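For reference, the chains in residue letters:
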Amino acid sequence: MSEEVRMRGGRSRSLAQALEEHLTEWAERTGTVVEIWALPGGDVPPRAARAVLATLGEALSNVERHSRANIVSIAVTLGGGGLRMTVSDDGVGFSGPAAGRGITAMRTHFADLGGTLTVNGVVGGGTTVTAAAPRQRLTPGRPLEDH
């Protein structure tokens, strides 16, 4: 299972499949429209997949609890530069620095990959979470294919 995500019932799926299923379930449960702009087209290393899923879960939880968003846009890509994830909503936004346990947890997930996470809000204009991890830190000692 080196390049797949093991999910419920012992099934193995790609990260893109896991994300599509999670986003569909979340959209149906919350009534929020989800726009998927990009998903990784190939294999994602397991620890990077876990970081994406955990971070996305926390970001969507924040959208549900705080943003009053109608639409959430998601992009997850894996390429020559590494892994990048963006979650944007059209909710109420915020001013000032982003803080709290959820933000700390999201930052930790990407810091464990040698990456970073930023959260930017605009009052009345929504919130964007952007995370990135460098290619060489995703699978130490093994090059990734460009996707």
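Calculation notes
- Residues numbered from 1 in each chain as written.
- Predicted model: local features only at pLDDT ≥ 70, side-chain atom pairs only at ≥ 80, totals over all residues.
- Heavy atoms only, no water.
- Helix = DSSP H or I, 4+ residues; strand = E, 2+ residues; numbered from the N terminus.
- Buried < 20%, exposed > 50% of the residue type's maximum accessible area, 1.4 Å probe, protein only.
- Contact = heavy atoms within 4.5 Å.
- Areas by Shrake-Rupley, 256 points an atom, 1.4 Å probe, with all protein chains shown as cover.
- Axes fitted to C-alpha atoms, helices over the stretch in contact; angles between N-to-C directions.
- Parallel < 35°, antiparallel > 145°, perpendicular 65-115°, else oblique.
- Left-handed = near helix turned anticlockwise from the far one by under 90°.
- Nonpolar A, V, L, I, M, F, W, Y, C, P; charged D, E, K, R; others polar.
- Salt bridge = Lys/Arg side-chain N within 4 Å of Asp/Glu carboxyl O.
- Core = buried A, V, L, I, M, F, W, Y, C linked by side-chain atoms within 4.5 Å.

Participant: I'm lost on the overall build of the protein in this one. Help?
Facilitator: Regarding its fold elements, the protein presents 4 helices and 7 strands. Sequence-ordered secondary structure for the protein, helices as α and strands as β, is β-β-α-β-α-β-β-α-β-β-α. The 147 residues of the protein split such that 40% are buried. Restricting to contacts in the protein with at least 6 residues of sequence separation, those with at least 24 account for 63%. When the accessible surface of the protein is summed, it comes to about 7,600 Å², and 51% of that surface belongs to carbon and sulfur atoms.

Participant: Would you mind going over the packing of helix H2 (residues 46-67) against helix H3 (residues 101-111) with me for this structure?
Facilitator: A pair of packed helices can be characterised by two numbers: the angle between their axes and the separation between those axes. Close contact between H2 and H3 brings their axes to 9 Å; oriented N to C, the two are set at 160°. Comparing their axes, H3 and H2 come out roughly antiparallel. Relative to H3, the crossing made by H2 is left-handed. Contact residues: H2 offers Ala-51, Val-52, Ala-54, Thr-55, Glu-58, Ala-59 and Asn-62, while H3 offers Gly-102, Ile-103, Met-106, His-109 and Phe-110. Partitioning the contact of H2 with H3 into residue classes produces 7 nonpolar, 4 polar and 1 charged.

Participant: Hey, could you run me through the side chain of Thr-127 in this one?
Facilitator: Locating Thr-127 in the fold gives a position in strand S7 (residues 126-134). Judged by its relative accessible area of 15%, Thr-127 is buried. Sequence-distant contacts of Thr-127, that is, excluding residues within four places in its chain, are made with Val-87, Ser-88, Asp-89, Gly-93, Phe-94, Val-119, Asn-120 and Gly-121.

Participant: So what exactly am I meant to see when it comes to the pattern of salt bridges here?
Facilitator: When the charged atoms of two side chains lie near each other, side chains of opposite charge can form a pair. Taken as a whole, this structure holds 2 salt bridges when the rule is applied. In this structure, Arg-29 and Glu-64 form a salt bridge, with 2.7 Å as the shortest nitrogen-oxygen distance. Residue Arg-29 is located in helix H1 (residues 15-30), and its partner Glu-64 is located in helix H2; the two are separated by 35 residues in the primary sequence. Owing to a relative accessible area of 55%, Arg-29 belongs among the exposed residues under this scheme. The residue Glu-58 makes a salt bridge to Arg-65 at a minimum N-O spacing of 3.7 Å. Overall, Glu-58 belongs to the partly exposed group, its relative accessible area being 22%. Residue Arg-65 is classed as exposed on the basis of its relative accessible area of 52%.

Participant: Please explain the nonpolar core as it appears in this structure.
Facilitator: In globular proteins that are soluble, nonpolar side chains generally tend to be buried together. The biggest cluster of nonpolar side chains holds 34 residues, and the ones touching the most others in it are Val-52, Leu-56, Leu-83, Met-85, Val-87, Phe-110 and Leu-113. Counting residues per element, the ones that place at least two in this core are H1, H2, strand S4 (71-79), strand S5 (82-89), H3, strand S6 (116-122) and S7. No other element matches H2, which puts 9 residues into this core. Apart from the residues within four sequence positions on either side, Met-85 is in contact with Val-52, Thr-55, Leu-56, Ala-75, Val-76, Phe-110, Val-129, Thr-130 and Ala-131.

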